[in-house]
Amino acid sequence: MASSPDDLKARLHGLLSEFQAKIERAHTEQELRKVFADYGGSQGAIRVAQKDALKEAPNAEKKAIGQLSNAVVAEVERALEGRLAALHEAERRRDLERTVDVSLPGRVRRLGHLHPTTLVRREIEQIFAQLGFTVAEGPQIETDFHNFEALAMPKDHPARDMQDTFYIEGEPELVLRTHTSPVQIRTMLSGPPPIRIIAPGPVYRKDDDPTHSPMFNQVEGLCVDEGITFADLKGVLLHFAKRFFGEEWGVRLRPSFFPFTEPSAEIDFTCAFCAGSGCRTCKGSGWIEIGGAGMVDPEVFAHVGYDPERYTGFAFGWGLDRMAMLRYHIDDIKLFFDGDVRFARQFK
Ligand code: PHE
């Protein structure tokens, strides 16, 4: 053990050169301060050596030992300051040398993009607005009454099976609306004819395959007044087809059944993929089925308190996403719900 000031001097000298070697290798302020603590700190190697020397030294030498240790600590501190200054200077120089090329183009912040369904919805709203239709909305969680009952589908009606329904747990009277037709009921309950509305929005069915999604969008149309006929329905749909797809587009109505319309029809539009010449998508027919329509059933009028002897009306409903698929020639409805902006960005 070091016991004389000379032994201590040798030991401290060794520590000092160790210290200097280590701070040369330290390249961050944090590393430097750690090395300093190991040697010059109050628990550092220098103070430990000092304590050892004091333990065995005669009183006469204690003062010298203290002075010697303090001097070495002071030297270590100076060395630390020197290295820190050099480090900061190097950093400053690096900052100064970092050049900025002000002629480089800025970073473009990509904005979001309207979804194809939104684009098509707006366009449809516009076309119908010019015919005097206003936009109506309803809740997505509907009552059994609005979604079924008032649309002439009582509880045990087989037509309910056409739309595999999501019920709200513990709430037998609430469903996720299976179509936008309940907005017909809400609109008619809110006031007397004349009525001309379209109602776009999400609907839900237990369906899930490449052409069906459990959530999709529909648009509903309803027109009620005195003297409305099936010819008005066909005229409005034809006008729409020509405005939306093009002058050479046509509409075909095929007999069908819906509980809330009588007579009822399936709506076909000229196939958008082949413009009617026949292709794989339309299975060679030149027509694409897009939705349903018909004259409002008097039973529905009874539910909303309209006089069926005085008023008649037509209604139609179709898939909004399907319309966008036709418009933009997209064959997988899943793309609509992935939320990938690279998809949305492609549509003008
Ligand atoms: N609601 C029907 C459906 O979702 C479509 C429809 C609307 C039919 C209006 C007739 C009248 O299948």
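Residues numbered from 1 in each chain as written. Predicted model: local features only at pLDDT ≥ 70, side-chain atom pairs only at ≥ 80, totals over all residues. Heavy atoms only, no water.

### As for helix H4 (residues 59-97)
In a regular helix each residue adds 1.5 Å, so 39 residues correspond to 57 Å; H4 covers 58 Å between its end C-alpha atoms and thus fits that length. Contacts made by the buried residues of H4 are with helix H1 (5-25), helix H2 (29-40) and helix H3 (45-56). (Helix = DSSP H or I, 4+ residues; strand = E, 2+ residues; numbered from the N terminus. Expected span 1.5 Å × (residues − 1). Contact = heavy atoms within 4.5 Å.)

### Quick look at the packing of aromatic side chains
Under the defined criterion, the tally for this structure stands at 21 aromatic pairs. Cation over ring: Arg327 sits above Phe244, and NZ or CZ is 4.5 Å from the ring centre. (Phe/Tyr/Trp six-rings, centres within 6.5 Å; stacked < 30°, edge-to-face > 60°. Lys NZ or Arg CZ within 6 Å of the ring centre and 35° of its normal.)

### Things to note about the site of the ligand
Taken together, 15 residues form the shell around the ligand, and within it His179, Ser181, Arg205, Gln218 and Glu220 come nearest. His179 is positioned such that a nitrogen or oxygen atom in its side chain is 3.0 Å from a nitrogen atom of the ligand. A distance of 2.8 Å separates an oxygen atom of the ligand from a polar atom in the side chain of Arg205. Burial of the ligand by the protein amounts to 93% of the accessible area it has alone, namely 330 Å². Breaking the shell around the ligand down by element, the ones donating at least two residues are strand E6 (215-225), strand E9 (287-296) and strand E10 (312-319). Among the elements that line the shell around the ligand, the one with the most residues is E10, at 3 residues. A per-class count over the shell around the ligand returns 5 nonpolar, 8 polar and 2 charged. (Near = heavy atom within 4 Å. Polar contact = N/O pair within 3.5 Å; in protein donor to acceptor, adjacent residues only side chain to side chain. Areas by Shrake-Rupley, 256 points an atom, 1.4 Å probe, with all protein chains shown as cover. Nonpolar A, V, L, I, M, F, W, Y, C, P; charged D, E, K, R; others polar.)

### Details of the side chain of Ser213
Note that Ser213 resides in the loop between strand E5 (195-204) and E6. From its side chain, Ser213 meets the backbone oxygen of Met215 in a polar contact 2.5 Å long.

### Things to note about unusual backbone geometry
Most of the time, phi is negative for any residue but glycine, and the peptide bond is trans. Backbone torsion omega between Pro193 and Pro194 reads 0 degrees, so that peptide bond is classified as cis. Its place among the elements puts Pro194 in the loop between helix H7 (182-189) and E5. Cis rather than trans, the peptide bond between Glu262 and Pro263 has omega equal to -5 degrees. When you line up the elements, Pro263 lands in strand E8 (residues 261-270). Backbone geometry at Ala152 places phi at a positive 65 degrees, although glycine is not the residue there. Within the chain, His329 stands out as a residue other than glycine whose phi angle is a positive 55 degrees. Overall, the relative accessible area of 45% leaves His329 in the partly exposed class. (Buried < 20%, exposed > 50% of the residue type's maximum accessible area, 1.4 Å probe, protein only.)

### Here's the deal with the domain arrangement of the chain
Structurally, the chain comprises domain 1 (5-97) and domain 2 (116-344). For domain 1 and domain 2, the distance between their C-alpha centres works out to 84 Å. (Domains from an automatic or database assignment.)

### Points about the sheet that holds strand E3 (residues 167-168)
With antiparallel pairing, 3 strands are arranged side by side in an open sheet as E2-E4-E3. One side of each edge strand has no neighbouring strand; the edge strands of this open sheet are strand E2 (141-143) and E3. Bridging between E3 and strand E4 (residues 171-176) involves 2 bridges; their strand directions are antiparallel. Looking at the pairing, Tyr167 lines up with Val175 of E4. (Pairing = 2+ DSSP bridges.)

### Quick word on the pairing of E5
A large share of E5 lies buried, amounting to 9 of its 10 residues. Sheet analysis places strand E1 (residues 134-135) next to E5, joined by 2 bridges and oriented parallel. Its bridge partner lying in E5, Val135 is registered against Ile198. For E5 and E6, the ladder comprises 10 bridges, and the chain directions are antiparallel. From the neighbouring strand, Arg196 faces E6, where its bridge partner is Cys223.

### Overview of the side chain of His146
Within the fold, His146 resides in helix H6 (residues 144-147). Residue His146 is classed as buried on the basis of its relative accessible area of 11%. A polar atom in the side chain of His146 sits 2.6 Å from the side chain of Thr143. The contact partners of His146, leaving out residues within four places of it in the chain, are Leu151, Pro182, Ile185, Arg186 and Leu189.

### Observations regarding the pattern of salt bridges
In the structure shown here, the tally under the stated rule is 17 salt bridges. Arg92 is the salt-bridge partner of Glu89, the closest N and O atoms lying 3.4 Å from each other. Of the two residues, Glu89 and Arg92 are both situated in helix H4; the distance of 3 residues between them amounts to about one turn of the helix. Note on Arg92: relative accessible area 49%, which makes it partly exposed. Where Arg327 meets Glu123, a salt bridge forms, and the shortest distance between an N and an O atom there is 3.1 Å. In this pair, Arg327 sits in helix H10 (residues 320-328) while Glu123 sits in helix H5 (residues 116-129), placing the two residues 204 residues apart along the sequence. Look at Arg327 and you get partly exposed, because its relative accessible area is 28%. Counted as one network, the salt bridges with shared partners bring together Arg252, Arg254, Asp268 and Glu289. (Salt bridge = Lys/Arg side-chain N within 4 Å of Asp/Glu carboxyl O.)

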